[in-house]
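Fold and contact review
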Amino acid sequence: MAVEHIVAQGAEHMFVHGLDWTTKELFTYPNEFIYWSIQIVMYPYMTGLVAGAFVLSSLYHVFGQQDLKTIARFSLVFSLALLPVAMMPLQFHLQQPFRGMNVMFTPHFTSAIAAFGIVFSTYAVIVLSEIYFVYRKFFVDQIQILKGKEGAADRFKYYLYLMLSLGAFDLSDRAIALDKKAVKILAGIGIPVACFLHGYAGFIFGSVKANALWMSPLMPVIFIMSAVVSGIALCMLTYILIMEFKKWSAIIAKGKGDESVQVIAGAELDVITKTSRYLLGFLVAAISLELLDLIFRGYTAMKSWDILRSVMYGKDFINIFVLQYTLGNLVPFIMLLIPGITIRRVFFALIFVLFGVFMMRWNVVIGGQAFSLSFAGYMHYHLPIIPHNLETFKEGLFGALTVAATPFVLFWIINKVTPSLEYK
Amino acid sequence: MSCSRRDFLKNTFKTTLATALPLSAFRMLSPAEVKAYTGDSSIRWVFLVDTNKCVGCGLCVKACKLENEVPYDTPVTRTWVERYVLMKNGQTHIDSPNGGRDGYTDSKIDENEIPADQITKGFFVPKLCNQCKKPACVQVCPVGATYQTLDGVVLVDRSWCIGCGYCIMACPYGMRFFHPVYKVAEKCTFCYHRIKKGMKTACVQACPFGARQIGNLKDPNDPVTKIIMDQRVAVLKDEYGTKPQVYYIGLDTNVR
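Just so we're clear, the structure is a prediction, and the values are computed from it rather than from any experiment.

Reading the values: the criteria
- Residues numbered from 1 in each chain as written.
- Chains lettered and ligands numbered in written order.
- Predicted model: local features only at pLDDT ≥ 70, side-chain atom pairs only at ≥ 80, totals over all residues.
- Helix = DSSP H or I, 4+ residues; strand = E, 2+ residues; numbered from the N terminus.
- Buried ≥ 20, exposed ≤ 12 C-beta atoms within 10 Å, placed from the backbone.
- Contact = placed C-beta atoms within 7 Å.
- Expected span 1.5 Å × (residues − 1).
- Bend = angle between axes of the 7 residues up to and from the residue.
- Pairing = 2+ DSSP bridges.
- Axes fitted to C-alpha atoms, helices over the stretch in contact; angles between N-to-C directions.
- pLDDT = per-residue confidence, 0-100.
- Nonpolar A, V, L, I, M, F, W, Y, C, P; charged D, E, K, R; others polar.
- Parallel < 35°, antiparallel > 145°, perpendicular 65-115°, else oblique.
- Left-handed = near helix turned anticlockwise from the far one by under 90°.
- Core = buried A, V, L, I, M, F, W, Y, C linked by C-beta atoms within 7 Å.

Focus on the overall build of chain B
Along chain B, the regular secondary structure elements total eight helices and ten strands. Along the longest, intermediate and shortest principal axes, the C-alpha atoms of chain B span 95 × 45 × 35 Å. In chain B, which comprises 256 residues, the share counted as buried stands at 45%.

Right, dumping it as structure tokens:
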């Protein structure tokens, strides 16, 4: 009776996780499906972008790389916008999303995921305090300007900045120097924490001994390198887009006869060229490590190599060698190296770089589940495009797009409070 | 009120000390630790599968699904039976349609007719959770919702599991899945609710050929323990270091 009861009760909610998007080939165990799908691809991708954006801004604050000055402030604010989004895919992926907080209540520290909440919060605190110190002078200036102004919007802004300043109004030289020192220290602590945050995401995969593709001590380092690559690329890309947009909207406004508008310069080629050098450096490191991993697997040819080879060189050949290595790494590498660089060329190279890192995440997460634990069969992932229930929305194309779009919306909002781009 | 930096630091230190000392008398326990105190430490449940006796009737899978309320018509299952057919040309055919639930009555494998005169050997292998001594699934659970009892069985707390799937990924045997109704990690428990009361597991009771047996490794007089001690037995995938506790008689090198 109990069985009939549960079947009757569960029939409408019954959903075998993974059945909708997995097809099997040859022999796989009955319970094997693609359990970790697109959202788990998004998770390291978004975390990587956060870490990369932060590292880019720290290069200026800590190592005083003057050539990065313009983009440093922008990438710091952008990494704040990306921060909440790193958690989103995990939340989307949980079968019991309302219990997500349990990780903070009873962290089970033998698990690689358990400390993620702690590392992540530490990192969030660092980013927030760094932004506070960078913008404190700006907050106080705004308070001075808005003081005594009428109108609801101005009052609101006044109180908002009053709150954000945390009551520290001192703008003496000594205080400003202290702010700068604090920024430098925080950015200095932030680099290892950002790398740890992301290397940690790599460890989550690299430590799964049951998975022949994931298990590798190189995984955390590979993840960090590609994270920095993608973070820098996204910051540059967004920078170019915003600056060009501002330029064109100014030109159009002027064209319409609004003479008060000043025509501003678009993205500066100088900034872009210099930043892209750092990008190339990290890209080389990332590719070298990935190739080392691949060669090592082939050379040692452990038990799992037969099936891994058939996946890498056969079923996933296009994904790995064409889309990831060629289109995502080699093509932008050449594009950025050819002399006579232009903003447009960089723009397309950056899109390829971002795509390449995404494909790397895809090939790790989905590729790692493309073969059965029995080494005798394969599984194929079909990304749900048109959702027919909540599950296929969350773990489908539109769920992933929601995650991808959120940081831009957040950046738009945050940028209203802490403007991160200067226009000339 | 004035408060110098020195006073502030002093008071902060005092308060921290005053709260930390009484708190240190307590010990933080994870739910896994608390739950792990269930069970009897004088018992170590182990399983013995004699593959020579298995005919692939699938009654064990049926019994398990009904007993443990795993929706009958879903492909997921706590236990299953695999069929291996080895050919003269060295090819191996393996299948387990519906986990072998309906028995192997068809000689076709994956829609392919297998010529009987080309077969060198064929056999069935029942699979169930190995209740490992060092379970990878317990190690990776971020909230401690899965735990090992004192008598060696790995269980899942359905009220605490967040459904992240890390344990499913960590199991080298592919034993775990998400329960289609409860939406939490699900696995074979050696029918813990039954063995605790001195009954046999559903699959052991359903097996007409005695291919499946359960026993207590800590009892030297237990017939299962005697076989494990006296005879040549093997376990699955010991290279993962999880120390599986389901022992097999007649295991073949082709078994995955």
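Considerations on the overall build of chain A
When you go through chain A residue by residue, the secondary structure sums to 14 helices and two strands. In terms of principal-axis extent, the alpha carbons of chain A reach across some 70 × 60 × 45 Å. Split into buried and exposed, the 424 residues of chain A put 43% on the buried side. Within chain A, contacts between residues separated by at least 24 positions form 75% of all contacts whose residues are at least 6 apart in sequence.

Here we look at helix H7 (residues 173–206) of chain A
The end-to-end C-alpha distance of H7(A), which contains 34 residues, comes to 49 Å, matching closely the 50 Å that a straight helix rising 1.5 Å per residue would cover. Largest kink in H7(A): about 25°, centred on A:Gly190, with the proline A:Pro192 one to four residues after it.

Regarding the sheet that holds strand E4 (residues 119–127) of chain B
Residues and elements named next belong to chain B. Pairing in this open sheet of three strands is antiparallel, and the strands run E3-E2-E4 from one edge to the other. Each edge of the open sheet carries a strand with a single partner, namely strand E3 (92–95) and E4. Between one strand axis and the next, the sheet turns through 15° on average, direction left out of account. Pairing between strand E2 (residues 80–87) and E3: four bridges, direction antiparallel. Residue pairing across strands places Arg83 opposite Asp95, the latter belonging to E3.

Observations concerning the confidence of the model for chain B
Here chain B averages 93 in pLDDT, while 99% of its residues score no lower than 70. Two summary scores accompany this predicted model of the complex, namely pTM at 0.89 and ipTM at 0.90.

Topic: unusual backbone geometry
At A:Ala301, a position not held by glycine, the phi torsion is positive, near 45°. Following the sequence through the fold, A:Ala301 ends up in the loop between helix H9 (269–300) and helix H10 (305–315). Of note in this structure, B:Glu69 is not a glycine but carries a positive phi near 55°.

Observations regarding the interface of chain A and chain B
Accessible area lost during the coming together of the parts is what is often quoted as the interface size. Contacts between the two partners involve 41 residues from chain A and, on the opposite side, 46 residues from chain B. Elements represented by at least two residues in the side of chain A that touches chain B include exactly helix H1 (2–10) and helix H4 (102–105) of chain A. Class assignment of the residues belonging to the side of chain A that touches chain B gives a composition of 24 nonpolar, 14 polar and three charged.

Let's talk about the confidence of the model for chain A
When pLDDT is averaged along chain A, the result is 89, and 95% of the positions lie at 70 or above. Low pLDDT (under 50) marks residues 1–10 of chain A, which in the prediction has ten contacts with non-local residues, meaning those over four places away or in another chain.

Some remarks on the packing of H7(A) against helix H8 (residues 219–255) of chain A
Residue and element names in this part refer to chain A. The geometry of H7 relative to H8 is characterised by a closest axis approach of 7 Å and an angle of 135° between their N-to-C directions. As summarised for this structure, H7 and H8 are arranged oblique, according to the angle between their axes. Between H7 and H8 the crossing geometry is right-handed. In this structure, H7 uses Cys195, His198, Gly199, Ala201, Gly202, Phe203, Phe205 and Gly206 to contact H8, whose residues at the interface are Met219, Pro220, Val221, Ile222, Phe223, Ile224 and Ala227. Counted by class, the contact of H7 with H8 contains eleven nonpolar, four polar and no charged residues.

Points about the nonpolar core
Note on soluble globular proteins: their nonpolar side chains tend to be buried together. Counting 184 residues, the largest nonpolar core has A:Met46, A:Leu82, A:Val229, A:Cys235 and B:Ala170 as the members making the most contacts within it. Among all residues touching A:Leu82, those that are not within four sequence positions of it are A:Met46, A:Leu49, A:Val50, A:Ala53 and A:Pro407.

Some points on the environment of A:Leu397
Residue and element names in this part refer to chain A. Within the secondary structure, Leu397 sits in helix H14 (residues 397–417). On the neighbour-count criterion, Leu397 (15 C-beta atoms within 10 Å) is partly exposed. With 74 residues separating them in the primary sequence, Leu397 and Leu323 have C-alpha atoms 19 Å apart. Leu397 has contacts with Leu383, Pro384 and Ile385, leaving out every residue within four places of it along the chain.

Topic: the environment of B:Leu150
With respect to the secondary-structure elements, B:Leu150 resides in the loop between strand E5 (146–148) and strand E6 (154–156). The spacing of B:Leu150 and B:Arg44 is 106 residues in sequence and 7.9 Å in space, taken between C-alpha atoms.

Describing the sheet that holds strand E1 (residues 45–50) of chain B
All names here are of chain B. Taken together, three strands build an open sheet; the order of strands is E9-E1-E10 and the sheet is mixed. The strands lining the two open edges of the sheet, one partner per strand, are strand E9 (212–216) and strand E10 (246–249). Neighbour to neighbour, the strand axes of the sheet diverge by 25° on average, direction disregarded. Pairing geometry for E1 and E10, over four bridges, is parallel. By the bridge assignment, Leu48 is partnered in E10 with Tyr247. The sheet contacts of helix H8 (residues 223–230) involve E1, E9 and E10, and relative to E9 the element is tilted by about 95°.

Some details on the pairing of E9(B)
All names here are of chain B. Most of E9 sits out of view: four of its five residues are buried. Note that E1 and E9 share five bridges and pair antiparallel. In the strand pairing of E9, Leu48 is matched with Gln213.

So, H8(A)
With 37 residues, H8(A) extends 53 Å between its outermost C-alpha atoms, agreeing within 8% with the 54 Å of an ideal straight helix rising 1.5 Å per residue. Looking at the residues trailing H8(A), positive phi occurs at A:Gly257, about 105°.

Focus: the environment of B:Thr92
Residues and elements named next belong to chain B. Along the chain, Thr92 falls in strand E3. With 14 C-beta atoms packed within 10 Å, Thr92 lands in the partly exposed category. For the pair Thr92 and Asn254, spaced 162 residues apart in sequence, the C-alpha to C-alpha distance is 7.9 Å. What Thr92 contacts, discounting residues up to four positions off in sequence, is Tyr84, Leu86 and Asn254.

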